[in-house]
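# Remarks on the overall topology
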Amino acid sequence: MAPAAGPEEQFNALALGSHFFFDGQGTASAAAAMKRYCDLLGEKELNGLPPAQWLAEKELTKADGPRVLGDGVSRFCPARAGLLKAAGEGTYERWFVAGTYEVGAGAKQMPAGAYVAAGRCGTATGSGRRSPVRCWTTSSRRRRGRCG
């Protein structure tokens, strides 16, 4: 009788049987890539976005993303389950760069509401790239929101 597969082997089998892919992790297995994702989810910012927004807009939209990431988080970083839940439900902090946005609940839309500015719109960082704007104002009566 073969020994029971461990969590890494079980997750590798799940990921290999799905259409989900881990971007740029350069690891030998899906389990190792998922563990790296778990580390990334502890960061304050991922590619200019808060972690839950990064999950919602970049990872959960991939084929089989919710299933693979849900299983991976529960196996390898259960402390991040709340972050994954918030990303899936859309109840997370969103950052927007200066511009005009359609009001709505989608990934590239600005939810209706009033928000407090936490920085100056369009300020440059020391690296020469534009920093994300963490300020916006919208109204459920308006069709578009404006940041900046």
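Anyway, here's the lowdown on the structure attached to this text. Per chain, residue numbering runs from 1 following the sequence as it is written. The predicted nature of this model means local features are confined to residues of pLDDT at least 70 and side-chain atom pairs, given and counted, to a pLDDT of 80 or more, with totals for whole chains, interfaces and linings taken over all residues. Side-chain calculation: all heavy atoms of the structure are included, whereas hydrogens and water are not.

### Points about the packing of aromatic side chains
Two rings belonging to Phe, Tyr or Trp (six-membered ring only in the last case) form a pair when the distance between their centres is within 6.5 Å. Interplanar angles under 30 degrees mark stacking, angles over 60 mark edge-to-face geometry, and anything in between is tilted. For the structure on display, the rule yields six aromatic pairs. With a centroid separation of 4.9 Å and an interplanar angle of 80°, the aromatic rings of Phe20 and Phe22 are classed as edge-to-face. In terms of burial, Phe20 and Phe22 fall into one category: buried. Three or more aromatic residues joined by ring pairs form one cluster here, namely Phe11, Phe20, Phe21, Phe22, Tyr37, Trp54 and Phe76. Here, a charge over a ring is recorded when the distance from Lys NZ or Arg CZ to the ring centre is within 6 Å and its angle to the ring normal is within 35 degrees. The ring of Phe21 has Lys62 lying over it, and the distance from NZ or CZ to the ring centre is 4.1 Å. Buried residues are those whose accessible area, probed at 1.4 Å on protein chains only, stays under 20% of the maximum for their type, while exposed residues exceed 50% and partly exposed ones sit between those limits.

### Concerning the state of the cysteines
Two cysteine sulfurs form what is called a disulfide whenever their separation falls within 2.5 Å. The full count for this structure, using the stated rule, is one disulfide. Linked covalently through their sulfurs, Cys38 and Cys77 form a disulfide whose S-S length is 2.1 Å. Sign of the S-S torsion, about -65° for the bond between Cys38 and Cys77, identifies this disulfide as left-handed. With a gap of 39 residues between them, Cys38 in helix H2 (residues 30–40) and Cys77 in the loop between helix H4 (65–76) and helix H5 (81–89) connect regions that are remote in the sequence. The class for Cys38 is buried, based on a relative accessible area of 6%. Judged by its relative accessible area of 9%, Cys77 is buried. Numbered from the N terminus, helices here are DSSP runs of H or I no shorter than four residues, and strands are runs of E no shorter than two.

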